[in-house]
Amino acid sequence: MSTGLGTADGMESRELIHFVTQQTRFALINNILQHPEQLPSMYELGELNPSVSDATVYKHVQKLIDAGIVKEVALDDDQRRQGYPWKFYGLTAEGREFLEEHNLLAAEETLQQIYDTISDKPEKMVKYQKAPRPDGT
């Protein structure tokens, strides 16, 4: 089954596998998978990758969006709350299908268990983790 991902950039399946398994991008995909809602905010992604600058996290998330693996979803204006994030990042249906097809989601449950055991999450991260997320994404 072919997803058609990466075709806009002329990326073949093999190139796309190499693209998503680049260390920082694969870490970001894993961060999305381990998040309780599978929709972390940019702040949460940054906190989960302390050795990577915020600008680098943003750049790689944008690359994953451009490749069709990740999508940005936002709360409607009437759902936004001051002091909470309103943009979140999750896998696209095509991205999930591609990752499943190439056996890159095998550790999804383990990743979620690891995330649950992180005991030193900053207060802001815990707050953001509990922030409302868009429905039906």
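Everything that follows concerns the structure shown earlier in this document.
Reference entry: report on the structure contained in this document. (Residues numbered from 1 in each chain as written. Predicted model: local features only at pLDDT ≥ 70, side-chain atom pairs only at ≥ 80, totals over all residues. Heavy atoms only, no water.)

**Some thoughts on the overall build of the protein chain**
Across its full length, the protein chain carries seven helices and two strands. Written out in order from the N terminus, the α and β elements of the protein chain read α-α-α-α-β-β-α-α-α. In terms of overall dimensions, the protein chain is globule-like: its C-alpha atoms have a radius of gyration of 15 Å, near the 14 Å expected for 137 residues. For the C-alpha atoms alone, the extent of the protein chain along its principal axes is close to 40 × 35 × 25 Å. Every one of the 137 residues in the protein chain was classed for burial, and the buried ones make up 42%. In the protein chain, of all internal contacts separated by at least 6 residues, the share reaching a separation of at least 24 is 68%. A gap of 6 Å separates the mean positions of the 14 positive and 22 negative side-chain charges of the protein chain. (Helix = DSSP H or I, 4+ residues; strand = E, 2+ residues; numbered from the N terminus. Rg over C-alpha atoms; globule rule 2.2 N^0.38 Å. Buried < 20%, exposed > 50% of the residue type's maximum accessible area, 1.4 Å probe, protein only. Contact = heavy atoms within 4.5 Å. Lys, Arg positive; Asp, Glu negative; His and termini not counted. Charge placed at Lys NZ, Arg CZ, Asp CG, Glu CD.)

**Structural notes on the nonpolar core**
One finds Val 20, Ile 29, Leu 64, Ile 69, Leu 91 and Leu 99 to be the most contacted residues of the largest nonpolar core, which totals 22 residues. Only α1 (13-20), α2 (23-34), α4 (54-66), β2 (87-91) and α5 (93-101) provide two or more residues apiece to this core. Broken down by element, the residue count for this core peaks at four residues, all from α2. Other than its neighbours up to four places away in sequence, Leu 91 contacts Ile 29, Ile 32, Leu 33, Ile 69, Val 70, Lys 71, Arg 96 and Leu 99. (Core = buried A, V, L, I, M, F, W, Y, C linked by side-chain atoms within 4.5 Å.)

**Points about the packing of α2 against helix α6 (residues 108-117)**
Here α2 crosses α6 at 75°, and the two axes come no closer than 8 Å. Between α2 and α6, the interaxial angle falls into the category roughly perpendicular. The residues of α6 that touch α2, namely those facing Asn 30, Leu 33 and Gln 34, are Glu 108, Leu 111, Gln 112, Ile 114 and Tyr 115. Partitioning the contact of α2 with α6 into residue classes produces four nonpolar, three polar and one charged. (Axes fitted to C-alpha atoms, helices over the stretch in contact; angles between N-to-C directions. Parallel < 35°, antiparallel > 145°, perpendicular 65-115°, else oblique. Nonpolar A, V, L, I, M, F, W, Y, C, P; charged D, E, K, R; others polar.)

**Comments concerning the environment of Asp 77**
Tracing the chain through its elements places Asp 77 in the loop between β1 (70-74) and β2. A distance of 3.2 Å separates a polar atom in the side chain of Asp 77 from a polar atom in the side chain of Arg 80. (Polar contact = N/O pair within 3.5 Å; in protein donor to acceptor, adjacent residues only side chain to side chain.)

**Quick notes on the side chain of Lys 121**
Among the secondary structure elements, Lys 121 is positioned in the loop between α6 and α7 (123-129). An unpaired buried charge is present at Lys 121: no salt bridge exists, and Asp 116, the closest side chain of opposite charge, is 5.4 Å distant. At a separation of 3.4 Å, a polar atom in the side chain of Lys 121 contacts the main-chain carbonyl oxygen of Tyr 115. Side chain to side chain, Lys 121 and Gln 129 meet in a polar contact 3.3 Å long. Excluding its chain neighbours within four sequence positions, the residues that come into contact with Lys 121 are Tyr 115, Val 126 and Gln 129. (Salt bridge = Lys/Arg side-chain N within 4 Å of Asp/Glu carboxyl O.)

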